[in-house]
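Descriptive analysis of the structure
Next come the chains, spelled out residue by residue.
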Amino acid sequence: MARRRTALALALVLVATATACGSDDPLTHPWRPGGAGTPVPATRTAPPGDATGALAGAGASSQESAMQAWIAGFQAANPGATVSYDPIGSGGGRTQFLEGAVDLAGTDTPLDADELAAARARCAPGEVVELPLYASPIAVVLRLEGIERLALSPATLAGVFAGTVTRWDAPEIAADNPGVALPDLPITPVHRSDESGTTETFTAYLAGAAPAAWPFAPSGTWPLAGGQSAQGTSGVVQTVADGEGTIGYADASKAGGLGTVALRMGDAAVPASPEAAAALVAASPVVPDRGPTSLVLELDRAAADGYPLVLVSYVLACTAYDDAATTDLVAAFLAYVASEAGQEAAAQAAGVAPLAPGLRARVLDAVARVGERT
Amino acid sequence: MSAVAGRGAAQGVAGGATTTLRRTRRADLGGRAFRGLAVGSGALILAMLAAVAGFLLLEAAPALTASPAELAALSWMPDDGSLWRYVGPLAFGTVLAAVLALGLAVPVSVGIALFISHYAPRRLADVLGSLVDLLAAIPSVVYGLWGALWLAPRLQGPWAWLADHLGFVPLFAGPASTPPRVMATVGVVLAVMVLPIVTAVSREVFLATPRLHEEAALALGATRWEMVRMAVLPFGRSGVVSAAMLGLGRALGETMAVLMILGPGLTYSLALLQVGRHQTIAANVALQFPEANALGVSALIATGLVLFVITLAVNSAARWVVARRAVGGAR
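Just so it is clear, the model here is predicted, and its values are computed rather than measured.

A word on the overall build of chain B
Looking only at helices and strands, chain B features 12 helices and 0 strands. Reading chain B from its N terminus to its C terminus gives the helix and strand order α-α-α-α-α-α-α-α-α-α-α-α. Per-residue burial for chain B yields a buried fraction of 41% across its 331 residues. Looking at chain B alone, contacts between residues at least 24 apart form 76% of all its contacts between residues at least 6 apart.

Listed below in structure tokens is the structure:
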């Protein structure tokens, strides 16, 4: 009897172990973007619309929380419409868009020449739409006892992350922060362990602003081996918070209670904020010769009053689809996203920088061309 | 069954033979159905294994046949685009994590199992046994959260002490990283995760020690510890080995806890207390999958194929060891 009971217990253990293993599946895991529903904050509703049908989108995970806010707001205003967004990553989003598998895509990097040609073929007879609808500041966060705000020049910041500046009381840091009592502690830089647009933006900034101290090409994967790292924005924030003398980079809206670094631009030090990010986007010119509906920004990270560390992510669409209902739905959705209500929803949900007035006019102009018969 | 028998009896002696025949035929039908089900289930296991192996080979093929230049375009590949140079440190990290977890878990598990089977009062043993079983039911995500948010900050002190005082041992080479998202922390969490299965199997084996052996040892004047050493442990050795192999299987494939705790890096370092030195295959696949393009996914699946081979090799080796020990034990 006792044997049978213990055998039963053993069987239970095995079953339980098997179930526990089931939760390892990274594809359906709730921490994976899109794995489980993210709560979407209430949004201001636009006047009720009559758009109906279903739209499929896929792409950059950076846009996910903003996209969810847009989808919630749009569907609340248009109860007959369904929009989905699968955060499979920028590369996957571009591929699926070019193959025609999705109607919309989100991407952290604009289409390159080959992809643009393929996109023109996919959208024919319409035009390719590329809109910089998502711009979010990336904050450099740190945890240092008693220090909430530090200013760092690009060269010093690059030195810190490249491992050439190793202590908090180093002369380079002291020179950037006159009058601040810096602790005698080693610096622990923390980077993203997964491939991400945040890392690409950060390394692009360092490579552009401090090429001498940062001799690496911009890349979505951290170019240096070793060092502290963590998965995802929340992982980096957690790791920085757990340590002492740690410094990392993360989406500004997720920085929590950590200290932040103001980036020194000449004499001024600019802290991360949606407004400062918007100023950079506003000061950046649009790349010419890509067509009237393709608004790709040439980010001018040295702009005088802007915050240089901004992740700009694009929404890809066509001005015409095979089926007129889809075209109308895309036009309605993009119009909502570019509207004030849409921008405010994204600002609340994801700390997205609002579209500058000049750029907004061009975005609205491009959106108006969706559905125009050519 | 009794209903059928009752009906048979009611039909009288004359009908008895036919009833028995019909019953046999009916029973045989059931038997054949059951046999078919059992064979089908057995075949299903083989088919599933073959399907998984086939899937891995098929999906990994683009990466296995791609030129180094194509592979080098993946941002996380080594510059020379060699898949082997990419998989090598991952396989090393996977095995290191599993061995570390087992090294920590097996002695503790054997201790717990012996306590439950031979030392604890019966009531306490029952409670303790079910508590250990309960540990196995906790999802690995919870272990990952616990390890990353609660345990890791608290291990900073012990790891720093180890690096300061035992730093001359390659395993404990300093400086200990802060926060300690290191292999040593992963090893501790994995050890807790494999503990229940190893304990449960070992306990069963120890409980199965023949009563006569134990009583004979005690009758010869052995203390309880001597009895355990002379009768229980030799009898249970092969069982403990197979328990350890079950635990090893779990530790090799563990994804979520490693992903959430470890700060990864691709080296062959033994320094357990330094961050950015190790990574396991399973955690790496989960980490890089979301942003990977088609070739990247294929390359990740190729690393999964390596994990599959490692697991198969470990299990086969374990079976061989257990079979050999079992023969030795019977002698």
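Digging into the environment of Leu162 of chain B
Residue and element names in this part refer to chain B. Note on placement: Leu162 falls in helix H6 (residues 140–166). It is 19 Å that separates the C-alpha atoms of Leu162 and Ala105, two residues lying 57 residues apart in sequence. If we skip the residues at most four places from it in the chain, Leu162 touches Phe172 and Leu273.

A few points about the confidence of the model for chain A
Here chain A shows a mean pLDDT of 83. Residues at 70 or above account for 86%. Note on residues 10–47 of chain A: pLDDT under 50 across the span, and 68 contacts to partners over four residues away in sequence or across chains.

A word on the pairing of strand E3 (residues 104–107) of chain A
Residue and element names in this part refer to chain A. The alternating pattern of E3 places Leu104 and Gly106 and Ala105 and Thr107 on opposite faces, both of which are buried. With 3 bridges connecting them, strand E1 (residues 53–59) and E3 associate as parallel partners. Within E3, the position partnered with Gly59 by the bridge is Gly106. Strand direction decides the pairing type here: E3 and strand E11 (residues 310–318), joined by 3 bridges, are antiparallel. By the bridge assignment, Thr107 is partnered in E11 with Tyr314.

Section: the nonpolar core
Counting 111 residues, the largest nonpolar core has Trp70, Val281, Val310, Val330, Phe333 and Leu334 of chain A as the members making the most contacts within it. Counting residues per element, this core draws most heavily on strand E4 (residues 128–143) of chain A, at 11 residues. Taken domain by domain, this core gets at least three of its residues from each of domain 1 (2–136 + 281–367) and domain 2 (138–275) of chain A. Among the nonpolar cores identified, the runner-up in size contains 87 residues, and Ala105, Ala152, Val182 and Val192 of chain B belong to it.

A closer look at the interface of chain B and chain A
Interfaces are frequently sized by the accessible area removed from exposure as the parts join. The interface of chain B with chain A comprises 41 residues on the first partner and 39 residues on the second. Elements supplying a minimum of two residues to the side of chain B that touches chain A: helix H5 (122–136), H6, helix H7 (183–207), helix H10 (256–261) and helix H11 (281–288) of chain B. Classifying every residue of the side of chain B that touches chain A gives 23 nonpolar, 11 polar and 7 charged.

Quick notes on H6 of chain B
Taking 1.5 Å of rise per residue, the 27 residues of H6 of chain B would be expected to cover 39 Å, yet its terminal C-alpha atoms sit only 31 Å apart, more than 12% below that figure. If you check which residues of H6 of chain B are buried, you get Ser140, Tyr143, Gly144, Gly147, Ala148, Ala152, Leu155, Trp159, Leu162 and Ala163 of chain B.

Things to note about the packing of helix H2 (residues 64–77) of chain A against helix H10 (residues 324–338) of chain A
All names here are of chain A. Relative orientation of the contacting elements H2 and H10 amounts to 120 degrees, with a least axis distance of 10 Å. The hand of the H2/H10 crossing is right-handed. On H10, the residues touching Trp70, Gly73, Phe74 and Ala77 of H2 are Phe333, Tyr336 and Val337. Broken down by class, the residue content of the contact of H2 with H10 amounts to 6 nonpolar, 1 polar and no charged.

Re the domain arrangement of chain A
All names here are of chain A. Per the domain assignment, the segments making up chain A are domain 1 (2–136 + 281–367) and domain 2 (138–275). Across the contact, 18 residues belong to domain 1 and 18 residues belong to domain 2. Counting residues per element, the ones that place at least two in the side of domain 1 that touches domain 2 are E11 and helix H11 (340–350). For the side of domain 1 that touches domain 2, the element with the highest residue contribution is E11, accounting for 3 residues. Within the side of domain 1 that touches domain 2, the residues separate by chemical class into 11 nonpolar, 5 polar and 2 charged.

What counts and how
Counting starts from 1 at the beginning of each chain's written sequence and moves along it residue by residue. All chains are assigned letters beginning with A, and all ligands numbers beginning with 1, in the order in which they are written. Owing to the predicted nature of the model, reporting of local features is limited to residues with pLDDT of at least 70; listing and counting of side-chain atom pairs is limited to 80 or more, with chain, interface and lining totals taken over all residues. Numbering of helices and strands runs from the N terminus; a helix is a DSSP stretch of H or I covering at least four residues, while a strand is a stretch of E covering at least two. Put plainly, a residue is buried at 20 or more neighbouring C-beta atoms within 10 Å of its own, exposed at 12 or fewer, and partly exposed in between, counting only other residues' C-beta atoms, which are placed from the backbone. What counts as a contact here is a pair of residues whose C-beta atoms, placed from the backbone, lie within 7 Å. You can read pLDDT as the predictor saying how much it trusts each residue, on a scale of 0 to 100. Strands are treated as partners if at least two bridges between them are detected by DSSP. Put simply, a nonpolar core is buried Ala, Val, Leu, Ile, Met, Phe, Trp, Tyr and Cys residues tied into one set by C-beta atoms within 7 Å. Boundary definitions for the domains trace back to an automatic or database domain assignment. Three categories are distinguished: nonpolar for Ala, Val, Leu, Ile, Met, Phe, Trp, Tyr, Cys and Pro, charged for Asp, Glu, Lys and Arg, and polar for the others, with Gly belonging to the last. Every helix has an expected span of 1.5 Å times one less than the residues it contains. Only the stretch in contact is used when a helix axis is fitted, and all axes are lines through C-alpha atoms; the angle between N-to-C directions ranges over 0 to 180 degrees. The crossing is said to be left-handed when, going from far helix to near helix, the turn is anticlockwise and less than a right angle, and right-handed when the turn is clockwise.

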